[in-house]
Amino acid sequence: MDQLTIREITDASEGTLLSGEESKCIRNICTDSRVAKEDSLFIPLIGENHDAHDFIPGAYEQGYRAFLVSKEEAAPKDAAVVLVDDTLKAMQRIARYYLDKIDVRRIAVTGSVGKTTTRDMLYYILSEKYRTGRPEKNYNNLVGVPLTVFQMDSRIEAVVFEEGMDRLGMIHDETWITRPEVGIITNVGISHMERLGSRENIRKAKLEIADFFDENNTLVINASNDMLAEYEFPGTYKVVRVGFGDDSDPSSESAVGSGKLAEKPAAPKAPDFDYTVTDVKEHGIDGISFTLTHGEESRAIRLLVPGAHNAMNAALAIAGAEAFCGISTEEAVRGLSKLDLTGKRLKVRKANGITVIDDSYNAAPESMKSAIRTLEATGASRRVAVFGGMNELGQDSEMRHYEIGRFAAEHGVSLVISVGSKARAIYEGARGAGCDAKWYPSNFCLFEELDSMIRQGDVILTKGSNATRMDLVADQLLRTGVRYAGK
């Protein structure tokens, strides 16, 4: 990051300088007391289970000499100390000030699923034209967004932000910091139903990305999503609609694993779309292909990343980039050819005679089904799926899990393995549909028998919510492989 003076930090945070020189320069801002760089500012955050003010003595020993605190008694001696009312809110104020100071252009993505992938796609597209920044990690909340800001410096020309939420008002506060020129909503699903209570509230939360928009801003939406298709958007900002124009919608309940996919009638007809996606084809682990039409131009696009749902993510990214800076489809496709997705999102990993499709980053019903379709479209001697549970689905959680089991059984999966209490319903759904299925209460219990279930040539999908740690299952599968010759 570019340097900030203690005076700037004091003013931006609406704080009071307790000690230290106003002219002292800060070149790094951290919330981790264990990580100190030269000229770093430590911001102790207060969470549900800990108060990082307790770590200030250790941070001082690590080399910090500048602190932003909300408890005066925690202020160390012989350091620059700024006192604020709330360290988190103060960090957000500093982030907004700093973002304006370095004067970069901003675009932001939100949605129930697909926001990180769409963010990554935007990064590679915009990098064809700008020096572009993005979050290094899954920084998409009220802590992560400011930390993303502090990763940038004045050499960066554009930043792609990801804005997540688990309650109303959260994206509003993130957008207050970022003030994007263009916002993208990938979809409105059922994640966080437990906290928000209805899909209408989930939509309301996602739409907070446009809370500060006016006639100079653009909102890009997935107009094939039922909650966005016919919604009348308030405000004076422009709305760009991206949708499936034929029977190519991979989110359809009756979709098959490859080729033409079934129609979703809730969306507007193709002429109402600004960008129309057609001819979506799933090529398993070899990627996808589709056609994108905008105005009079139609272009066939091939992506090397698996998952038919990524046709919509790519189309949204292309539309967002066009609205943001007028980048051409040709430039966008060139950027997408360099795409490397963050984290374990449909990562193909091979070892010891098996192939693992590691999609263990997160899970929702839509993304579960899309991953199953990718598995179905992949050539294999046998297809296996290992599922953890999906979190925050509300009162329909058991039914949603049961549906995933049935869906897997009906779409080419030979063996369904589910782990954890929520995923038991996946096992029951698969077994009820006549599929070979097993259930284990924990990953540890699964590991005791895992090697005995794997065969030479298996293609294995691992997927579940982050807390289920399906990434550990993927790692264990690749370590174990096929132990017994001829199996």
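Residues numbered from 1 in each chain as written. Predicted model: local features only at pLDDT ≥ 70, side-chain atom pairs only at ≥ 80, totals over all residues. Heavy atoms only, no water.

Each helix and strand counted, the protein chain has 17 helices and 22 strands in total. Radius of gyration (C-alpha) of the protein chain: 24 Å, near the 23 Å computed for a compact globule of 487 residues. With the C-alpha coordinates of the protein chain rotated into their principal frame, the extents come out at 70 × 55 × 40 Å. When the 487 residues of the protein chain are sorted by exposure, 57% land in the buried category. The contacts in the protein chain between residues at least 6 apart in sequence include a share of 65% that link residues at least 24 apart. Here the protein chain has roughly 19,800 Å² of accessible surface; of this, 44% comes from carbon and sulfur atoms. The distance from the centre of the 59 positive side-chain charges to the centre of the 73 negative ones in the protein chain is 4 Å. (Helix = DSSP H or I, 4+ residues; strand = E, 2+ residues; numbered from the N terminus. Rg over C-alpha atoms; globule rule 2.2 N^0.38 Å. Buried < 20%, exposed > 50% of the residue type's maximum accessible area, 1.4 Å probe, protein only. Contact = heavy atoms within 4.5 Å. Areas by Shrake-Rupley, 256 points an atom, 1.4 Å probe, with all protein chains shown as cover. Lys, Arg positive; Asp, Glu negative; His and termini not counted. Charge placed at Lys NZ, Arg CZ, Asp CG, Glu CD.)

This paragraph deals with the environment of Ile285. Along the polypeptide, Ile285 turns up in the loop between strand 14 (275-282) and strand 15 (288-294). When the C-alpha positions of Ile285 and Met121 are compared, they lie 18 Å apart, and in sequence the two are 164 residues distant. When near neighbours in sequence (up to four residues on either side) are disregarded, Ile285 contacts Leu304, Pro306, Val348, Lys350, Ile357, Thr374 and Thr378.

As a further point, take the sheet that holds strand 12 (residues 218-222). Within the open sheet, the nine strands sit side by side as 9-10-8-11-12-13-14-15-16. Their pairing is mixed. A strand with exactly one partner marks an edge of an open sheet, and here the two such strands are strand 9 (132-133) and strand 16 (297-303). Examined bridge by bridge, strand 12 and strand 13 (residues 238-244) share five bridges and lie parallel to one another. The residue bridging Leu219 from the neighbouring strand is Val239, located in strand 13. (Pairing = 2+ DSSP bridges.)

Of all eight residues that make up helix 1 (residues 6-13), six are buried, and the element is covered over most of its length. Within helix 1, burial applies to Ile6, Glu8, Ile9, Thr10, Ala12 and Ser13. Residue Glu14 follows helix 1 closely and has a positive phi angle near 60°.

Summarising the sheet, strand 15 and strand 16 pair through seven bridges and their orientation is antiparallel. Each residue of the ladder has a partner; that of Ile288, found in strand 16, is Leu303. Where strand 15 folds back onto strand 16 in an antiparallel hairpin, the turn is made up of two residues, including Gly295, whose phi is positive at roughly 65°.

Another aspect to go through is the packing of helix 1 against helix 3 (residues 87-102). Running from amino to carboxyl end, helix 1 crosses helix 3 at an angle of 115°, the nearest separation of the two axes being 8 Å. For the pair helix 1 and helix 3, the sense of crossing is right-handed. Between helix 1 and helix 3, the contacting residues are Glu8, Ile9, Ala12 and Ser13 on the first element and Ala90, Arg93, Ile94, Tyr97 and Lys101 on the second. (Axes fitted to C-alpha atoms, helices over the stretch in contact; angles between N-to-C directions. Left-handed = near helix turned anticlockwise from the far one by under 90°.)

A separate point is the sheet that holds strand 18 (residues 354-358). Taken in spatial order, the six strands make up an open sheet running 17-18-22-19-20-21, and their pairing is mixed. Both outer strands of the open sheet, strand 17 (347-351) and strand 21 (436-440), are each paired with one neighbouring strand and no more. Each adjacent strand pair in this sheet contributes to an overall mean axis angle of 20°, direction not counted. Pairing of strand 19 (residues 382-387) with strand 20 (residues 415-419) involves four bridges; the strand directions are parallel. Considered in strand 20, the bridge of Phe387 is made with Ser418. Where helix 12 (residues 365-376) meets the sheet, its contacts fall on strand 18, strand 19 and strand 22 (458-463), and the angle it forms with strand 22 comes to roughly 170°.

Among the eight residues that make up strand 14, six are buried, leaving the element largely enclosed by the rest of the structure. Pairing analysis gives three bridges linking strand 13 to strand 14, with the strands arranged parallel. The partner of Phe244 across the bridge, within strand 14, is Val277. In the sheet, strand 14 pairs with strand 15 via six bridges, with the strands oriented antiparallel.

For the structure shown, the criterion picks out eight aromatic pairs. Each ring, one from Phe213 and one from Tyr237, has its centre 5.6 Å from the other, and the planes form 80°; the classification is edge-to-face. You can see Phe213 sitting in the loop between helix 8 (199-206) and strand 12 and its partner Tyr237 sitting in the loop between helix 9 (226-229) and strand 13, a full 24 residues away along the chain. No difference in accessibility class separates Phe213 from Tyr237, as the two residues are buried. Taken together, a centroid distance of 5.0 Å and an interplanar angle of 80° make the contact between Tyr231 and Phe233 edge-to-face. Judged by its relative accessible area of 26%, Tyr231 falls in the partly exposed class. Classification of Phe233 by relative accessible area gives buried; the value is 14%. Chaining the aromatic ring pairs together yields one cluster made of Phe42, Tyr64 and Phe67. Arg134 extends its terminal NZ or CZ atom over the ring of Tyr123, reaching a point 4.1 Å from the ring centre. For Arg179, the ring lying beneath its charged end belongs to Phe212, and the centroid distance is 4.0 Å. (Phe/Tyr/Trp six-rings, centres within 6.5 Å; stacked < 30°, edge-to-face > 60°. Lys NZ or Arg CZ within 6 Å of the ring centre and 35° of its normal.)

The share of residues in the protein chain with pLDDT of 70 or more is 92%, and the mean pLDDT across the chain is 90. Segment residues 253-270: pLDDT under 50, and 55 contacts once partners within four positions in sequence are set aside and those in other chains are kept. (pLDDT = per-residue confidence, 0-100.)

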